[in-house]
Amino acid sequence: MKFDTLIIGGGLAGLTCGIRLQKNGVRCAIISTGQSALHFSSGSFDLLNGLSDGTKVDNPVAAAGKVGSNHPYTKLGEHFAYYAREAKQQLLECGIEVNGDAKHNHFRITPMGTLKPTWLTFSDFTPLPSADDMAGRKILVANIAGFLDFNTKFVADSFEKQGAECRIASINLPELERLRISPTEMRSTNIARVLENEKVLEALIAELAGHTAGFDTVALPAVFGLSSATPAKKLKEALDIPVWLIPTMPPSVPGIRAQQQLRRSFEELGGVYMLGDTVVKADFQGNRVQAVYSVNHGDISFVAENFVLASGSYFSNGLVARSNSVIEPVFGCDVDFTPGRDSWYDKSFFNKQNYMTFGVATDEKLRASIGGDTQQNLFAAGSVLSGSNTIHEGCGAGISMLTALYVADNLIKG
Ligand SMILES: Cc1cc2nc3c(=O)[nH]c(=O)nc-3n(C[C@H](O)[C@H](O)[C@H](O)COP(=O)(O)OP(=O)(O)OC[C@H]3O[C@@H](n4cnc5c(N)ncnc54)[C@H](O)[C@@H]3O)c2cc1C
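Residues numbered from 1 in each chain as written. Predicted model: local features only at pLDDT ≥ 70, side-chain atom pairs only at ≥ 80, totals over all residues. Heavy atoms only, no water.

1. Topic: the layout of surface pockets
Keep this limit in mind: Only protein atoms enter the 1 Å grid used here, on which a cavity is any set of points holding a 1.4 Å probe that cannot leave and a pocket is any open set flanked by protein within 12 Å on both sides along at least five of seven lines; residues with an atom within 4 Å of a point are listed as lining. Grid points are joined across faces, edges and corners, and a volume is the space filled by probe spheres set on the points. Only DSSP runs of H or I covering at least 4 residues are called helices, and only runs of E covering at least 2 are called strands; the numbering of each starts at the N terminus. Gly is put with the polar residues, along with every residue not named as nonpolar or charged; the nonpolar set is Ala, Val, Leu, Ile, Met, Phe, Trp, Tyr, Cys and Pro, and the charged set is Asp, Glu, Lys and Arg.
A volume near 430 Å³ is recorded for the second largest pocket. Around the second largest pocket, the lining is made up of 20 residues, and of these N49, G50, K56, V57 and P117 lie nearest the centre. Elements with a contribution of two residues or more to the lining of the second largest pocket: β6 (115–118) and α11 (390–393). Considering only residue class, the lining of the second largest pocket consists of 7 nonpolar, 8 polar and 5 charged.

Encoded structure:
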């Protein structure tokens, strides 16, 4: 099989890159093992919330020049603001409704009820301009009876610590009661499927309306809208007070919807998406990749002009940690990591963890190297890259989207 560009990994980075390439007439295929980090998304996309020394960032565009020399944003240089704009625009064009601005982080509510700075938030969720926005509110924290992945007590306690007054309510409907026959069925995605039925959603709204008197806000788990944003919109329109949807424990309903919307956009543009297959090895000629091979296709090779490695970090097996090394398992790319496993971790779980910065080494165009030799047609994008600490710096989605667009443009320019 022959394509212009073959992308390994179909998460946020692989799909962002593929969509940009297809839009510019580059014929792409994406091979992807399975679910991506989007299935676990917290409901927002981070661009840059802090620097590696712990300095907090309010304006990512202004602070991007202060990240480390090996940070992927440093390789984008002066184009950082441009790619941040393009990334938001591409999400919107794919039908993924997000709010936010690269020059000013806002706050969104976490599954624990705390506030966290971020760049773009799914329209399902409520972006708060400042951390003081909770004070003085009277909030009804309502849950679907039997749904354990939304902890009302944690959320209410946390809201109250921030100055709100809360009461907890439990909502039940016969249609949802059926899911409870098997408690393992009470997952966010299953509830979201039931609530896609208009009549069930209307019944839930009517039930909720009976509880909201005396409150100025109602907080609910984000279990509305697996295939479109419509149920969340209807819910918000129907109630006479603001509705805050709070991210649940995984799986993430809006995250899965975003993954599906990106895939749909890629395929509508003519891209080929092969889900459930894993790229395992490659053929090389000099400093070029000739072809790759996958589990499902055995000896049948995938030949392409260019290859993009968007296989994610440890979580997706894009990087694999051995006892004393970290490897990239498909091509055997050079990986930046420090020798001595002791230097990888800080014993305090909440401190900065060095292993988070490890990843595939690249040149200024994000081309990977093997044995010190830059591979002319092998690019890397997203969380497989070295140089950033996505948790400590709060830059996960930004790295994935901005580097994917940058790689796509490098390929389009030839
Ligand atoms: C659990 C989790 C939650 C996160 N939540 C957020 C968040 O809410 N906000 C935020 O800003 N950032 C978040 N991040 C950071 C995250 O890394 C990025 O936001 C981003 O989604 C990562 O995208 P990616 O495409 O680089 O990697 P991934 O999403 O990991 O996608 C990589 C894909 O490659 C596939 N793959 C791997 N190896 C192969 C192979 N050999 N052959 C074929 N396919 C392969 C995998 O199956 C996977 O689908 C989260 C990260 C994790 C791990």
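Next, the rest of the story.
2. Digging into the pairing of strand β14 (residues 288–294)
Remember that side chains alternate between the two faces of the sheet whenever the strand is regular. Here is the rule we go by: Categorising residues by exposure relies on relative accessible area from a 1.4 Å probe, with only protein chains included: less than 20% of the type maximum marks a residue as buried, more than 50% marks it as exposed, and the intermediate range marks it as partly exposed. Here a strand pair is declared whenever DSSP counts at least two bridges between the two strands.
Most of β14 sits out of view: 5 of its 7 residues are buried. Where strand β13 (residues 279–285) meets β14, 6 bridges bridge the pair, whose relative direction is antiparallel. Bridging across to β14, K281 finds its partner in Y293. Hairpin connection between β13 and β14: a loop of 2 residues separates the two successive antiparallel strands, and G286 in this loop has a positive phi of roughly 60°. Both β14 and strand β15 (residues 302–309) contribute to a ladder of 2 bridges, which runs antiparallel. Residue pairing in the sheet places A291 in a bridge with V303 of β15.

3. Notes on empty space enclosed by the protein
For the structure shown, the criterion picks out 1 cavity of 30 Å³ or more. Estimates place the volume of the largest cavity at around 40 Å³. Considering only residue class, the lining of the largest cavity consists of 5 nonpolar, 3 polar and no charged.

4. Details of the packing of helix α1 (residues 12–23) against helix α4 (residues 80–93)
Counted only if it meets this: Axis lines are fitted to C-alpha atoms, over the contacting stretch for helices. Their N-to-C directions set the angle, which ranges from 0 to 180 degrees. Just so you know how the angles are binned, under 35 degrees is roughly parallel, over 145 roughly antiparallel, 65 to 115 roughly perpendicular, and the rest oblique. Note on definitions: a residue-residue contact is assigned when non-hydrogen atoms from the two residues lie within 4.5 Å.
Running from N to C, α1 and α4 cross one another at 85°; their axes reach a closest spacing of 11 Å. Considering the angle they form, α1 stands roughly perpendicular to α4. Along the contact surface, α1 presents T16, I19, R20 and K23, while α4 presents Y82, Y83, E86, Q90 and E93. Considered class by class, the residues forming the contact of α1 with α4 number 3 nonpolar, 2 polar and 4 charged.

5. Regarding the nonpolar core
Going by this rule: What is meant by a nonpolar core is a set of buried Ala, Val, Leu, Ile, Met, Phe, Trp, Tyr and Cys residues, joined one to another through side-chain atoms within 4.5 Å.
Counting 128 residues, the largest nonpolar core has F45, F159 and L402 as its most contacted members. The biggest single contributor to this core is helix α12 (residues 396–412), with 10 residues. Residues contacting L402, with those up to four places away along its chain left out, are L47, Y73, L76, F80, Y83, A84, A87 and W119.

6. Observations regarding the site of the ligand
Test applied: Proximity criterion: a residue is near a molecule or strand once any of its heavy atoms comes within 4 Å of it. We define a polar contact as two N or O atoms separated by no more than 3.5 Å, with the added condition that, inside protein, one atom must be a possible hydrogen donor and the other a possible acceptor, whereas residues neighbouring each other in sequence contribute only through side-chain atom pairs. All accessibility values rest on the Shrake-Rupley procedure with a 1.4 Å probe; residue burial counts only the protein chains present in the view.
Of all residues adjacent to the ligand, which total 33 residues, the nearest are A37, S42, S44, S316 and S383. In this structure, an oxygen atom belonging to the ligand sits 3.3 Å away from a side-chain N or O atom of S32. When the ligand is considered free in solution it has 1000 Å² of accessible area, and contact with the protein chains removes 86% of it. Breaking the shell around the ligand down by element, the ones donating at least two residues are α1, β2 (28–32), β3 (44–45) and α12. Among the elements that make up the shell around the ligand, the one with the highest residue count is α12 (3 residues). Residue classes in the shell around the ligand are distributed as 12 nonpolar, 19 polar and 2 charged.

7. A word on the sheet that holds strand β11 (residues 243–246)
The strands making up a sheet associate through backbone hydrogen bonding, with each pair oriented either parallel or antiparallel. Strands sit in the order β9-β8-β10-β11 across an open sheet of 4 strands; the sheet is parallel. Bordering the open sheet on either side are β9 (165–171) and β11, each of which pairs with just one other strand. Recorded for the sheet is a direction-independent mean angle of 25° between the axes of neighbouring strands. In the packing of helix α5 (residues 152–161) onto the sheet, contacts are made with β8 (138–144), β9, β10 (217–221) and β11, and the angle to β9 comes to roughly 160°. Against the sheet, helix α8 (residues 198–209) contacts β8, β9 and β10, and its axis sits at roughly 140° relative to β9.

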